[in-house]
Amino acid sequence: MHILNRDIEFLEEDRECSYFSEQSSDMRYKYMHSCSTSQYQAMLERGWRRFGKMHFVPECKTCTKCISMRIDVKNYKFSKSEKRVINKNKDTKLYIRPPSMTLEHLSLYDKYHKFMNDKKGWPYSAIEPDDYKKSYVESKEEYAKELLYMKDNKLIGVALVDILPNSISSIYCYYDHDYSDLSIGKFSILAQIKIAKELNIPYIYLGYWIKDHYSMGYKEAYQPFEILVNRPNLFEETIWDKYEL
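Keep in mind that what you see is a predicted model, and the values were worked out from it rather than measured. (Residues numbered from 1 in each chain as written. Predicted model: local features only at pLDDT ≥ 70, side-chain atom pairs only at ≥ 80, totals over all residues. Heavy atoms only, no water.)

Enquirer: Is there a simple way to explain the side chain of Arg 50 in this structure?
Expert: Positionally, Arg 50 belongs in strand β4 (residues 49-51). A distance of 2.8 Å separates a polar side-chain atom of Arg 50 from the backbone oxygen of Gly 52. A polar side-chain atom of Arg 50 sits 2.7 Å from a polar atom in the side chain of Asp 162. Those residues within four positions of Arg 50 in sequence are excluded, and the remaining contacts are Tyr 40, His 55, Phe 56, Ser 139, Tyr 143, Ala 144, Asp 162 and Ile 171. (Helix = DSSP H or I, 4+ residues; strand = E, 2+ residues; numbered from the N terminus. Polar contact = N/O pair within 3.5 Å; in protein donor to acceptor, adjacent residues only side chain to side chain. Contact = heavy atoms within 4.5 Å.)

Enquirer: Help me understand the pattern of salt bridges, please; the structure alone is not making it clear to me.
Expert: Working definition: two side chains of opposite charge can pair if their charged atoms are close together. Under the criterion given, the structure shown has 17 salt bridges. A salt bridge links Asp 162 to Arg 50; the shortest N-O distance between them is 2.7 Å. Of this pair, Asp 162 sits in strand β9 (residues 154-164) while Arg 50 sits in strand β4, and the two are 112 residues apart along the sequence. No difference in accessibility class separates Asp 162 from Arg 50, as the two residues are buried. The residue Lys 111 makes a salt bridge to Asp 176 at a minimum N-O spacing of 3.1 Å. One end of the pair, Lys 111, is in helix α3 (residues 103-120); the other, Asp 176, is in the loop between β10 (167-175) and α5 (184-198), with 65 residues separating them in the sequence. A residue is classified by how much of its surface remains accessible, and Asp 176, at 2% relative accessible area, is buried. (Salt bridge = Lys/Arg side-chain N within 4 Å of Asp/Glu carboxyl O. Buried < 20%, exposed > 50% of the residue type's maximum accessible area, 1.4 Å probe, protein only.)

Enquirer: Explanation requested: the sheet that holds strand β6 (residues 67-72) in the structure shown.
Expert: Strand pairing in a sheet relies on backbone hydrogen bonds, with the paired strands running either antiparallel or parallel. Across the sheet, eight strands lie side by side as β7-β8-β9-β10-β11-β6-β12-β13; this open sheet has mixed pairing. Every interior strand has two partners, whereas the edge strands, β7 (93-97) and β13 (240-242), have only one. This sheet shows a mean twist of 30 degrees between the axes of neighbouring strands, independent of strand direction. As defined by bridge partners, strand β8 (residues 144-151) adjoins β9 across eight bridges and the pair is classed as antiparallel. Residue Glu 146 lies in a different strand from β9, and its bridge partner there is Leu 160. (Pairing = 2+ DSSP bridges. Axes fitted to C-alpha atoms, helices over the stretch in contact; angles between N-to-C directions.)

Dropping the structure here:
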């Protein structure tokens, strides 16, 4: 690990890759006590993501499989199957509010990850409240929001997002698989697209897409979308191109 700025920025090299067990990765981190809307927008456009106050971007020397992507909201048209998902959730209540932490949040988060551990082999251990707070609640920026999905007065899904004038950043989503018939994970993305259309927000940043990956490949379904062709630093111009099948 090479420390570039002891207070806010460092590069972690040869860390275990989160997506390919046989590979290592290099990740740049910036811990930011405060991040303005304009700063954050510039970082999103250059492939940065965040959890809490920690922002990060991959800088792997030998791999470029993690591709930053953003949904083209204006040109997005809901398919028949997506309209069915929206219709199935006509009685699902959606609340938009600043991020919070309750026992319901923690219980649902653990239930989701235990299910994914059984289904896909994700690593699992019950999350500590302090860890949840640091990852999802700690940021006090105005753009930080959570989408709460309620059914029968029960919390069945949570999506952490950032809503900026020119973008929505989808940070994380977890939900109750007991309600799998509602496709809450898919519905959450569709709901964000609807919100973006209503607010004339041009892009939704879904983070990193890895083609045909068992956990990250699903994002290809949300077309049209653009991909970040280059890997610019914060002072370089970006090159976004429409993804073509």
